[in-house]
Amino acid sequence: MEKVREERIEAIPSLRQYLEAHPSLNLDGERMSISFDGFHGWMKKSEHHISFHREITDTILVKQLKKLAKDPLNSVTTSLAEQKRVSISWVTVRDQSSRWGSCSSRGSISLNWRLILMPRGLQRHIILHELAHRVHPNHSSSFWNLLKSWDSNFEEHVQLLKERGKIWIRLGQSANNANP
Ligand SMILES: [Zn+2]
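Residues numbered from 1 in each chain as written. Predicted model: local features only at pLDDT ≥ 70, side-chain atom pairs only at ≥ 80, totals over all residues.

> Can you tell me about the sheet that holds strand E2 (residues 30–37), naming the residues and giving the values?
Strand order across the open sheet formed by four strands is E1-E2-E4-E3, with mixed pairing between neighbours. At either end of the open sheet lies a strand with only one pairing partner, and these are strand E1 (24–27) and strand E3 (43–45). For this sheet, the mean angle separating the axes of adjacent strands, direction not counted, is 25°. Strand direction decides the pairing type here: E2 and strand E4 (residues 49–53), joined by five bridges, are parallel. Paired with Asp-37 across the two strands is His-53, which belongs to E4. (Pairing = 2+ DSSP bridges. Helix = DSSP H or I, 4+ residues; strand = E, 2+ residues; numbered from the N terminus. Axes fitted to C-alpha atoms, helices over the stretch in contact; angles between N-to-C directions.)

> Residue-level account of the environment of Gly-38, with values.
With respect to the element layout, Gly-38 can be found in the loop between E2 and E3. A C-alpha to C-alpha distance of 5.4 Å links Gly-38 and His-53, two positions 15 residues apart in sequence. Sequence-distant contacts of Gly-38, that is, excluding residues within four places in its chain, are made with His-53 and Arg-54. (Contact = placed C-beta atoms within 7 Å.)

> How would you explain unusual backbone geometry if you had to name every residue and give the values?
Phi at Arg-85 is positive, roughly 55°, even though this residue is not glycine. Relative to the elements of secondary structure, Arg-85 occurs in the loop between helix H2 (58–83) and strand E5 (90–94). Of the residues examined, Arg-85 has 9 C-beta atoms within 10 Å and is grouped as exposed. (Buried ≥ 20, exposed ≤ 12 C-beta atoms within 10 Å, placed from the backbone.)

> Run through the sheet that holds strand E6 (residues 101–103), naming residues and quoting values.
In space, the three strands of this open sheet follow the order E5-E7-E6, with mixed pairing throughout. Each having just a single partner strand, E5 and E6 make up the two edges of the open sheet. Across the sheet, the mean angle separating the axes of adjacent strands is 15° when strand polarity is ignored. Where E6 lies against strand E7 (residues 108–112), three bridges are found, and the strand directions are antiparallel. Its bridge partner lying in E7, Ser-102 is registered against Ser-110.

Function-wise, these values are silent; they only describe arrangement.
Now the structure itself:
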């Protein structure tokens, strides 16, 4: 994946503020609604809903969301790899500060936990991008043609990532800087 261009943007919300304004997560094709409530513990998960404790900080939120993202992103990636008949060795979910994902020469795929903040189609687009690197380990025209053939909404997804990616990538980052 190409690096997200660093640009100055005014008023990036805290992760907590963002989730209050956009209270849903995309876990394995399933939209989960979110709320902030008072209860014992930081997070409670039921079938279609996740509650976070109302006192939760961005630092703890990042940890909880990364944990939540792990299995769903792993399973979407594994099933897309099977569909596209590419081999992968393993999938890791990380807190990258400037990438959505990467693919090693050995076929290990790393994904940014922030993919669960995105619409399903865009999440899929980013995973397909990394899987296409299993066929073409570069950004050649053959690579882009393959990705376009896999993603029927390619143009729309590229545009959406360009417009909103710069905000998504920064969510929760100040939390990390404050508490390395
Ligand atoms: Zn790439």
